[in-house]
Amino acid sequence: MGPLNRLVGALREASHCVALTGAGISAEVGIPTFRGSGGLWERHRPEELATPEAFWRDPEKVWRWYAWRQELVFSRGPGPAHTYLARLEEAGYVKAVITQNVDGLHILAGSRNVVELHGSIRRVRCTRCGHREELAGPVREVPPRCARCGGLLRPDVVWFGEELPRDALSRALEETEKSDLFLVIGTSGAVYPAAALPALAARRGAVVVEINPEETPITRIASMVFRAPAGEVLRAVYEELS
Ligand code: APR
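Every chain is numbered independently, its residues counted from 1 as its sequence is written. Since the coordinates come from a predicted model, pLDDT governs what is reported: local features require at least 70, and pairs of side-chain atoms require 80 or more to be given and counted, while whole-chain, interface and lining totals use all residues. Side-chain metrics rest on all non-hydrogen atoms present in the structure, leaving aside hydrogens and water.

Q: Mind laying out the sheet that holds strand β9 (residues 224-226), listing which residues take part and the relevant values?
A: A pair of strands is labelled paired if DSSP reports no fewer than 2 bridges between them. Helical segments are the DSSP runs of H or I of at least four residues, strand segments are the runs of E of at least two, and each set is numbered from the N terminus. Read across the open sheet, the 6 strands follow the order β3-β2-β1-β7-β8-β9; overall the sheet is parallel. Across the chains shown, the open sheet's two edge strands, defined by having one partner strand only, are β3 (114-116) and β9. Ignoring which end each strand starts from, the neighbouring axes of this sheet average 15° apart. By the bridge criterion, 5 bridges tie strand β1 (residues 17-21) to strand β2 (residues 94-99) in an arrangement that is parallel. Note on β2: the bridge partner recorded for Val18 is Ala96. Contacts are residue-level and defined by heavy atoms, with any inter-residue pair within 4.5 Å sufficient. Every axis in this analysis is a line fitted to C-alpha atoms, fitted for helices over the stretch in contact. Angles between the N-to-C directions lie between 0 and 180 degrees. The strands touched by helix α9 (residues 166-178) within the sheet are β1, β2, β3 and β7 (181-185), with β3 carrying the most contacts at an inclination of about 135°.

Have a look at this one:
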């Protein structure tokens, strides 16, 4: 059976299919990835922009970068991959989406059981009083101040060296441990603990599927590999199933 038929068959048989997604799934709507050709970390140094130390050293510089990323994110809608993944959930084939992305596009596409491991760039958090707020658009003032206490606001995302939100991590582990089919879509598998989830799923006997134009450290534990853009594969799978 061709790989696509095998994936369609696996989705039909699976009782708990979970998807883990990364920046590659949003690359199709023009949001740059971090690694690989044209990736953000080719032009910027993460330790200068995505760490608490960088933020406290120069909050304005970090906020200029995040305001630029917010412009990108708020000006784009979900792509085909987000949309087909949401439809696969609606049709009962996918039970959860665990994402490393902070762009909120899975939720906008209609996915319902979404675990945002690294937070959301659409939300800010006050560094003084802890107040959280969903943004309607990119921040206008840089750096933004808390309306309640005047404290410095930060993006409500996880920076390098920071703990993941405990509830998100425990939900991700729970979904991974329940999975018997684990789709790994658009991630380089470079950042932990997210990158450990596919191996955990495989250890629990799940079939791991990689959807990524490039090879990654996850390739070696994948039973099926699709070297193609996520939108193309998920559209083909959805059309086969419906
Ligand atoms: N479809 C599927 N995969 C794609 C596509 C596409 N159309 N385009 C690119 N990719 C793949 C690339 O080949 C690469 O393997 O997406 C992957 C993107 O990898 P990264 O840029 O490293 O993104 P990600 O794995 O999500 O990074 C994890 O690193 O910087 C931190 O917090 C940040 O959440 C991020 C984490």
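Once you've had a look at it, read on.
Q: Please provide a residue-by-residue account of the site of the ligand, values included.
A: Consider each residue's heavy atoms; a residue with any of them within 4 Å of a molecule or strand counts as near. Around the ligand lies a shell of 22 residues, among which Phe34, Arg35, Thr187, Ser188 and Asn212 are the nearest. Contacts described as polar in this section are N or O atom pairs within 3.5 Å, which, within protein, must combine one atom able to donate a hydrogen with one able to accept it, while residues neighboring in sequence count only if both atoms come from side chains. Side-chain polar atom of His118 to an oxygen atom of the ligand: 3.0 Å apart, as the coordinates give it. A distance of 3.3 Å is found between an oxygen atom of the ligand and a backbone nitrogen or oxygen belonging to Gly186. About the coverage of the ligand: the protein hides 90% of its 740 Å² of free accessible area. Its atoms largely coinciding with the cavity grid, the ligand occupies the largest pocket. Calculation of accessible area relied on Shrake-Rupley with a 1.4 Å probe; when residues are assessed, cover is drawn exclusively from the protein chains displayed. Grid points spaced at 1 Å over the protein atoms alone were grouped into cavities, where a 1.4 Å probe fits but cannot get out, and pockets, open sets with protein on both sides within 12 Å along at least five of seven lines, with lining residues defined by an atom within 4 Å of a point. Cavity and pocket membership follows a simple rule, namely that a molecule belongs there if more than half of its atoms are within 2 Å of the grid points.

Q: Explain unusual backbone geometry residue by residue, including any values.
A: In this structure, Pro143 follows Val142 across a cis peptide bond, with omega equal to -5°. The residue Pro143 is located in the loop between β5 (132-134) and β6 (153-157) in this model. Of the consecutive residues Tyr192 and Pro193, the connecting peptide bond is found in the cis state with omega at 5°. Looking at the element boundaries, Pro193 is found in the loop between β7 and α10 (197-203).

Q: Describe in detail the layout of surface pockets, supporting the description with residues and values.
A: Grid points are joined across faces, edges and corners, and a volume is the space filled by probe spheres set on the points. In this structure, the largest pocket spans a volume of roughly 1000 Å³. Lining the largest pocket are 50 residues, and of these Gly22, Ala23, Thr33, Phe34 and Arg35 sit closest to its centre. Ranked by the residues each element gives to the lining of the largest pocket, the list is headed by helix α6 (residues 59-74), at 5 residues. Gly falls in the polar group here, along with every residue not listed as nonpolar (Ala, Val, Leu, Ile, Met, Phe, Trp, Tyr, Cys, Pro) or charged (Asp, Glu, Lys, Arg). Here the residues of the lining of the largest pocket are counted per class, giving 27 nonpolar, 15 polar and 8 charged. Here the bounds of each domain stem from an automatic or database domain assignment. Inspection of the lining of the largest pocket shows a minimum of three residues originating in each of domain 1 (1-31 + 78-118 + 164-242) and domain 2 (32-75 + 123-157). Every residue lining the second largest pocket is counted, 18 residues in all, and those nearest its centre are Glu116, Gly119, Arg123, Arg132 and Pro165. Listed by contribution, the elements that provide at least two residues to the lining of the second largest pocket are β3, β4 (119-126), β6 and α9. Residues belonging to the lining of the second largest pocket are distributed by class as follows: 7 nonpolar, 1 polar and 10 charged. Composition of the lining of the second largest pocket by domain shows at least three residues from each of domain 1 (1-31 + 78-118 + 164-242) and domain 2 (32-75 + 123-157).

Q: Tell me about the pairing of strand β8 (residues 207-211), and please be specific about residues and values.
A: Counting buried positions over the 5 residues of β8 gives 4, a clear majority of the element. Note that β7 and β8 share 5 bridges and pair parallel. Each bridged residue has a counterpart across the sheet, and for Leu183 the counterpart in β8 is Val209. Crossovers are marked right-handed if the path from the first strand over the helix to the second runs clockwise, as seen with the strands pointing away from the viewer. Remark: the β7/α10/β8 crossover connection has right-handed handedness. Both β8 and β9 contribute to a ladder of 3 bridges, which runs parallel. We call a residue buried when its accessible area falls under 20% of the maximum for its residue type, exposed when it is over 50%, and partly exposed in between, using a 1.4 Å probe and counting protein chains only.

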